[in-house]
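Commentary on secondary and tertiary structure
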Amino acid sequence: MIPYNFHTHTKRCGHAFGEDEEYVLEAIAAGVRRLGFSDHVMIPGFSQPRIRGDYKEAEGYFNSLNDLKKKYQDKIKMYIGFEAEYSDFFESYYRSLFEENKIDYLILGQHFNFVNGKIDDYFSHVHDKTSMFKYRDQVVKAMSTGLFSIVAHPDLYLSSIPRFDAGAKAVAIDICKASLQYDVALEINLAGIRKGIVAVGNEKRYLYPYRPFWEVVAKYKCRVVVGVDAHDPRDFKSNEYSMALQMIRELGLNHDQQLVLKEYKK
């Protein structure tokens, strides 16, 4: 049983599969009672084929999900949002999505560094402390805006780092402190488990969730949620959720199963 999931994509992003309704039906079958769609945010004038849908697809996204929300309202509670990278360049647009009542929430997926709307760095391929601290600064700044309810895969920056050294731990600590200060939940992301065990330096592990990071989270008692990060309706059938629950129990993580989405404030 998966009681909730706020991390669900659609085929519009170009690297997910299946129809919107299939995701809803599979979620219901998996026991999900609260389902949030959070496809990669579609941004006016910003094209990234196979990473996010073109902005012209946004209206179809809203219309389809609102129709499904009504159709299945007796079986599941649905929410509409986006997974978005933070940048000063995009903040006013994100605020307009809330102000026009188009979305219920945002989750932060800081995959890239944006400079004047252009990609400058990929945070899944961090190899130096400068990029690692840049990731930290952007995640903390994003949390401070009040726009985001969840930080998706906050341990993404560790995907290419071969050991959890003092610098990597310092970044984890700062993310945890910001999570508490700004009341933003941290997500254990199941997509990393679905990708399987890989070699990072001399260590064989998941790219994420990376256990040493979550040991720090446990110490600070940050609120934790689990995200399916569904890119295929069949992702709701997998057993990664039980694996995440096992880590939650072993580490004594503060699992927030009744997540309240942040209320937008101007």
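Shown above is the structure to which this text applies.
Heads up: these notes are all about the structure in this document.

Conventions we followed
- Residues numbered from 1 in each chain as written.
- Predicted model: local features only at pLDDT ≥ 70, side-chain atom pairs only at ≥ 80, totals over all residues.
- Heavy atoms only, no water.
- Axes fitted to C-alpha atoms, helices over the stretch in contact; angles between N-to-C directions.
- Helix = DSSP H or I, 4+ residues; strand = E, 2+ residues; numbered from the N terminus.
- Parallel < 35°, antiparallel > 145°, perpendicular 65-115°, else oblique.
- Left-handed = near helix turned anticlockwise from the far one by under 90°.
- Contact = heavy atoms within 4.5 Å.
- Nonpolar A, V, L, I, M, F, W, Y, C, P; charged D, E, K, R; others polar.
- Expected span 1.5 Å × (residues − 1).
- Buried < 20%, exposed > 50% of the residue type's maximum accessible area, 1.4 Å probe, protein only.
- Salt bridge = Lys/Arg side-chain N within 4 Å of Asp/Glu carboxyl O.

This part covers the packing of helix 5 (residues 166-182) against helix 7 (residues 211-220). As a packed pair, helix 5 and helix 7 sit with axes 9 Å apart at the nearest point and diverge in direction by 40 degrees. Between helix 5 and helix 7, the crossing angle belongs to the class labelled oblique. Crossing angle aside, the handedness with which helix 5 passes helix 7 is right-handed. Taking contact as the criterion, the partners of Lys-169, Ala-172, Ile-173, Ile-175, Cys-176, Lys-177 and Leu-180 in helix 5 are, on helix 7, Phe-213, Val-216, Val-217 and Tyr-220. For the contact of helix 5 with helix 7, a count of residues per class yields 9 nonpolar, no polar and 2 charged.

Between its first and last C-alpha, helix 4 (residues 129-144) extends 22 Å over 16 residues, near the 22 Å set by a 1.5 Å rise per residue. Residues of helix 4 that are buried: Ser-131, Met-132, Tyr-135, Arg-136, Gln-138, Val-139, Ala-142 and Met-143. Looking at the packing, one finds that the buried side of helix 4 touches strand 4 (105-108), strand 5 (112-115), strand 6 (118-122), strand 7 (150-151) and helix 5. Immediately downstream of helix 4, the backbone of Gly-146 shows phi near 80 degrees, a positive value.

Attention now moves to the pattern of salt bridges. If you walk through the whole model with that rule in mind, you get 18 salt bridges. One salt bridge connects Lys-102 with Glu-100, and the closest N-O pair in it is separated by 3.3 Å. Owing to a relative accessible area of 26%, Lys-102 belongs among the partly exposed residues under this scheme. In this structure Glu-100 comes out as partly exposed when scored by relative accessible area, which is 48%. Salt-bridge contacts for Arg-211 lead to Glu-250; the nearest nitrogen and oxygen are separated by 3.1 Å. Of the two residues, Arg-211 is situated in helix 7 and Glu-250 in helix 8 (residues 240-251); the sequence distance between them amounts to 39 residues. Since its relative accessible area comes to 46%, Glu-250 is described here as partly exposed. Connected through salt bridges with shared partners, the residues Arg-136, Asp-137 and Asp-174 form a single ionic network.

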